[in-house]
Amino acid sequence: MQCAVIEFGRNVLGLKDAHSTEINRNTPYPVIDIMEDQKKVYSKGGTMRLGAYPCTLKSGSKVAQIYKATQISERHRHRFEFNNAYLDQYQKAGMLATGINVQNNLVEIIELVNHPWFIGIQFHPEYKSTVANPHPLFVEFVKAAMQLGG
């Protein structure tokens, strides 16, 4: 999701030097930024966003259809997030935030409006996936690729 947000910022929104502050602290467009409560943490250790967190899915979105639900919980392991200062700009251009952690107002999932299957996620579905029981996002991604001739 983070790479997709950076690319979209650069090539759709025209934010030429959009980046993550994890990689470029001096970017003029920090579309991915460190979580606010992490900005004063200097000893990394166990300070990242770690573990399962709730996510509210936008009704009618691709992910809500995939999960067959509007409330999910997924596992995380990161310190950097979508910078909500850019949210309106992204959504007006067609990249929608379709999954939100409402507790902290964090973007968890993005989708492109005019794309058959473009979903970017902030969490790690592989943590809840096995060969015998693959995560629904993986299953639906493969189905979509097969339907599109991929």
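Just so we're clear, the structure is a prediction, and the values are computed from it rather than from any experiment. (Residues numbered from 1 in each chain as written. Predicted model: local features only at pLDDT ≥ 70, side-chain atom pairs only at ≥ 80, totals over all residues. Heavy atoms only, no water.)

J.: Let's hear about the overall build of the protein chain: which residues, and what values?
T.: A count of helical and extended segments in the protein chain gives 4 helices and 8 strands. When the helices and strands of the protein chain are read in sequence order from the N terminus, they spell out α-β-β-β-α-β-β-α-β-β-β-α. The 150 residues of the protein chain split such that 43% are buried. In the protein chain, of all internal contacts separated by at least 6 residues, the share reaching a separation of at least 24 is 56%. Accessible surface for the protein chain amounts to roughly 8700 Å². Of this, 53% is attributable to carbon and sulfur atoms. (Helix = DSSP H or I, 4+ residues; strand = E, 2+ residues; numbered from the N terminus. Buried < 20%, exposed > 50% of the residue type's maximum accessible area, 1.4 Å probe, protein only. Contact = heavy atoms within 4.5 Å. Areas by Shrake-Rupley, 256 points an atom, 1.4 Å probe, with all protein chains shown as cover.)

J.: An account of the nonpolar core is requested, with residue identities and associated values reported.
T.: Most often, soluble globular proteins keep nonpolar side chains buried together rather than apart. Counting residues in hydrophobic clusters, the biggest one holds 22 residues, and the most contacted among them are Val5, Val31, Phe82, Tyr90, Met95 and Val107. Only α1 (2–11), β2 (29–34), β5 (80–82), α3 (87–92), β6 (95–101) and β7 (106–112) provide two or more residues apiece to this core. What valine 5 contacts, discounting residues up to four positions off in sequence, is Val31, Ile32, Phe82, Tyr90 and Met95. If you look at the next biggest cluster of nonpolar residues, it comprises 13 residues, including Ala64, Tyr67, Ile72 and Ile119. (Core = buried A, V, L, I, M, F, W, Y, C linked by side-chain atoms within 4.5 Å.)

J.: Describe in detail the pattern of salt bridges, supporting the description with residues and values.
T.: For the coordinates displayed, the defined rule picks out 1 salt bridge. In this structure, glutamate 140 and lysine 143 form a salt bridge, with 3.3 Å as the shortest nitrogen-oxygen distance. With glutamate 140 and lysine 143 both in helix α4 (residues 136–147), this residue pair falls 3 residues apart, about one helical turn. (Salt bridge = Lys/Arg side-chain N within 4 Å of Asp/Glu carboxyl O.)

J.: If you had to explain the environment of phenylalanine 118 to someone new, which residues and values would you point to?
T.: In this fold, phenylalanine 118 is placed in the loop between β7 and β8 (119–121). By relative accessible area, which is 27% here, phenylalanine 118 ends up partly exposed. Taking C-alpha positions, phenylalanine 118 is 9.7 Å from alanine 4, a pair spaced 114 residues apart along the chain. In this structure, phenylalanine 118 is in contact with Ala4, Ile110, Glu111 and Leu112, ignoring residues within four places of it in sequence.

J.: For α4, give the residues involved together with the corresponding values.
T.: The periodicity of an α-helix, 3.6 residues per turn, causes residues three or four positions apart to be oriented the same way. Taking 1.5 Å per residue as the helical rise, α4 with its 12 residues ought to reach 16 Å, and the 16 Å between its terminal C-alpha atoms agrees with that figure. Where α4 terminates, the next one or two residues include glycine 149, which has phi positive at roughly 85 degrees. (Expected span 1.5 Å × (residues − 1).)

J.: How would you summarise the environment of leucine 148 if you had to cite specific residues and measurements?
T.: With respect to the helices, strands and loops of the structure, leucine 148 is situated in the segment after α4. Linking leucine 148 and tryptophan 117, residues 31 residues apart in sequence, is a C-alpha distance of 9.6 Å.

J.: Any details on the packing of aromatic side chains? Residues and values, ideally.
T.: Going through the model one piece at a time under the given rule, you end up with 3 aromatic pairs. Aromatic side chains phenylalanine 82 and tyrosine 90 sit 5.3 Å apart centroid to centroid with 80 degrees between the ring planes, which places their arrangement in the edge-to-face category. Taken as a pair, phenylalanine 82 and tyrosine 90 share a single burial class, namely buried. Through pairs of rings, three or more aromatic residues link up here, namely Phe8, Phe82 and Tyr90. (Phe/Tyr/Trp six-rings, centres within 6.5 Å; stacked < 30°, edge-to-face > 60°.)

J.: Account for unusual backbone geometry, with residues named and values stated.
T.: Even without a glycine there, the phi angle at lysine 68 is positive, about 55 degrees. Positive phi outside glycine occurs at asparagine 105, with the angle close to 55 degrees. If you trace the backbone, asparagine 105 turns up in the loop between β6 and β7.

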